[in-house]
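# Per-entry structural report
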Amino acid sequence: MSPQRSANITAAVILILLAGHLIPASSGQTAQQGTMDQQVLGYRVSKLTCSPTCSGNCYYSWLKQRWISDYWHTDEGYWQHTPTSIGCSTTATVWIDSTSSSIQDKYSCNVYTHVYSLPYCELGEQQWDVMYNLDSVCALEGSSVDLFCIYKHPGGLTVTASFWFINDQPGVGPVDLRDDDQYKGRVQYYQNQNQLYHTVTITDLRANDAQTYKFRFITDDPDGKYTDSSGIRLSVTGLKIEVSDTQGGGKKLICRSTCTLTNPTYIWYRNEQPVSEQNRAVLYLRDRTVDAGSYSCAVKGHEEIRSAAVCGFEGLQVKVEGATAALVEGQTVTLTCSSMCSQFYSNYTWYRNRQAVSEQNRSVEALGTGQNYSITNISSQHSGLYYCTALNQLGQHSSALARLDVFSDWWKQYAVWAAVGLVPALALSLLTAVLCVQRKRRAERGADVQTPKPGDDTYTALNLATTSSSEYDTLTHATHSPSDTYSTLNPATRTSSEYDTLTHATHSANDTYSTLNPATRTSSEYDTLMVVGPPPVQSGAPDEENN
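The following paragraphs examine the structure supplied in this document. (Residues numbered from 1 in each chain as written. Predicted model: local features only at pLDDT ≥ 70, side-chain atom pairs only at ≥ 80, totals over all residues. Heavy atoms only, no water.)

## Overview of the state of the cysteines
Note the threshold: By convention in this document, the label disulfide applies to cysteine sulfur atom pairs within 2.5 Å. Secondary structure elements follow DSSP: runs of H or I of four or more residues count as helices, runs of E of two or more count as strands, with numbering from the N terminus. Partly exposed describes any residue whose relative accessible area lies between the buried limit of under 20% and the exposed limit of over 50%, with all areas from a 1.4 Å probe on protein chains only and scaled to the type maximum.
Counted under the stated rule, the structure contains 6 disulfides. Through a disulfide, C50 is tied to C109; the S-S separation comes to 2.0 Å. Between C50 and C109, the S-S torsion sits near 80°, and that sign places the bridge as right-handed. Here C50 is found in strand β3 (residues 45–51), whereas its partner C109 is found in strand β8 (residues 105–113), with 59 residues between them in sequence. Each member of the pair, C50 as well as C109, is classed as buried.

Listed below in structure tokens is the structure:
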């Protein structure tokens, strides 16, 4: 018997023994030796296909025999006596990367059917795989996202093409994202075929980009194409603020997204300005005055992508423009329905209530629509309580009532007359007050009394312009004529006869003189002067009275 035939018999016996060992006859499972089709790819890779094919609970067992060269006789050799199991697969085709030339190996296969429990098989499908970094990802609308995967294929094959896709068109196959009209100019690939990883970056995300993205690669084997069936589910979300009331009359704002963002840090804005020390999804507003305004939120790193703004505190009010302090007939008045969050309101409607607020039966009249309501040639018939309503994302809101009182023309005329009369009255009152102050100050100066020093004579100057004072009248007893001439007394010489007349008064060196008070004449010195006789009247010139 030749060595080749002996080796074949030995291999057959081993296969029968293996089959009997793996699948007991009592289990009802069967083993069948398959027919091998071996295709060499390149220098080392062998593509093996086993037949017949099976489906359901079945698998393929693969065996290899190595050709052993006879080093003593270089032209001869023999096959390895005992085949070596190289694994199993659930597919009929496997790729084997030999450590030596593929022509030096011989392979065989067995098909196992009606298997109750399938073993783990590392060949076939297990040689091809795509592993994604995430099953799903949430990204902000308008931002960018990176999708990443690692893939593998049988050793010895070369990847000729790889791409991401969402559409698998019948008869055409998967369409590369870069060739999809929806993604034109928004897709970039980063790959390393040696390390077998691939990344796609999608920019300027849109709501309709929410899809499942899959990766596909193609090798130099015509049948070596692989697509993973799972992929990465991308969700695209915007930011939206949810507003609710708190028990204390405040507001609770929540920055929400339709999917779960990865470790977001939130940023709040009030009237387009950042709110300090607020980085959580919830913001509380407590003070209606301080916290009033429009609010929006964003995520750190994507500050340019903000939510739609909402009003922190709803507060419509009616403003009157184009009128004086008191409305009179004939004016033009514009009512404005305003708020710190006016940009969020729409569908403005104006109403007038003819009755007082306290009265139960109100007469409400719808006036018109629009944020502004103008009244031309206003009259007293337009008086009343005005208010407006408007809609925003939270519903309809009403302003507080604003009173509008219109006066007739006669009221305006009386108001003008009253203003004309009031001005002179105020001027007269001011002048009277100034005169009284000046008179009081003169009286205070006249009441001042100075205490003279001993030996000092004090005299009061007479007013020559008038003879109405009582002090001057005392001297009028002296006879005189209109032609009399008077000279100034010289205290140093006392040469004047008028001065000598005064010396007849009794006095001593210890006498003290005080200033005479013209208002009272209570001084004893003043009384002395009154009893002194008048000096003789001289009709001539002063220099003739000594002749």
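## Focus on the nonpolar core
Quick reminder of the rule: By nonpolar core is meant a set of buried Ala, Val, Leu, Ile, Met, Phe, Trp, Tyr and Cys residues that side-chain atoms within 4.5 Å join together. Residue ranges labeled as domains rest on an automatic or database domain assignment. By definition in these notes, contact holds between two residues if any of their heavy atoms fall within 4.5 Å.
Residues W164, L177 and Y213 are the most contacted members of the largest nonpolar core, which totals 33 residues. Within the residue set of this core, elements represented by two or more residues are β9 (129–132), β10 (136–140), β11 (145–152), β12 (159–165), β15 (187–192), β16 (197–202), β17 (212–219) and β19 (232–237). Shared between two domains, this core holds at least three residues of each, these being domain 1 (29–68 + 82–114) and domain 2 (129–236). Residues within four places of L177 in sequence aside, it is in contact with W164, F165, I166, Y183, V187, Y189, V200, I202 and Y213.

## Things to note about the sheet that holds strand β7 (residues 93–97)
Operational definition: Criterion used throughout: strands pair if DSSP finds at least two bridges between them. Every angle, taken between N-to-C directions, lies between 0 and 180 degrees, and every axis is a line fitted to C-alpha atoms, over only the stretch in contact when it is a helix.
The antiparallel open sheet is built from 3 strands, whose spatial order is β2-β3-β7. Each edge of the open sheet is held by one strand with a lone partner, namely β2 (35–41) and β7. On average, each strand axis in the sheet is inclined to that of its neighbour by 25°, with strand direction left out of account. Bridge count between β3 and β7: 5 bridges; the pairing is antiparallel. In the sheet register, S46 faces β7, and the bridge partner there is I96.

## A look at the pattern of salt bridges
Close approach of charged atoms allows side chains of opposite charge to pair. Quick reminder of the rule: Think of a salt bridge as a Lys or Arg side-chain nitrogen and an Asp or Glu carboxyl oxygen that are within 4 Å of each other.
Overall, the coordinates contain 8 salt bridges when judged by the stated rule. Here E242 and R256 are joined by a salt bridge, their closest N and O atoms 3.1 Å apart. In this pair, E242 sits in strand β20 (residues 239–245) while R256 sits in strand β21 (residues 251–257), placing the two residues 14 residues apart along the sequence. Overall, R256 belongs to the partly exposed group, its relative accessible area being 40%.

## Points about the environment of D245
Short version of the rule: Here a polar contact is recorded for every N or O atom pair within 3.5 Å, except that within protein the pair must consist of a potential hydrogen donor and a potential acceptor, and residues adjacent in sequence are included only if both atoms are side-chain atoms.
Relative to the assigned elements, D245 resides in strand β20. C-alpha of D245 to C-alpha of F313: the two residues are 68 residues apart in sequence and 9.8 Å apart in space. Those residues in contact with D245 that lie beyond four places of it in its chain are G250 and K251. For D245, the side chain forms a polar contact with the side chain of K251, separated by 2.6 Å.

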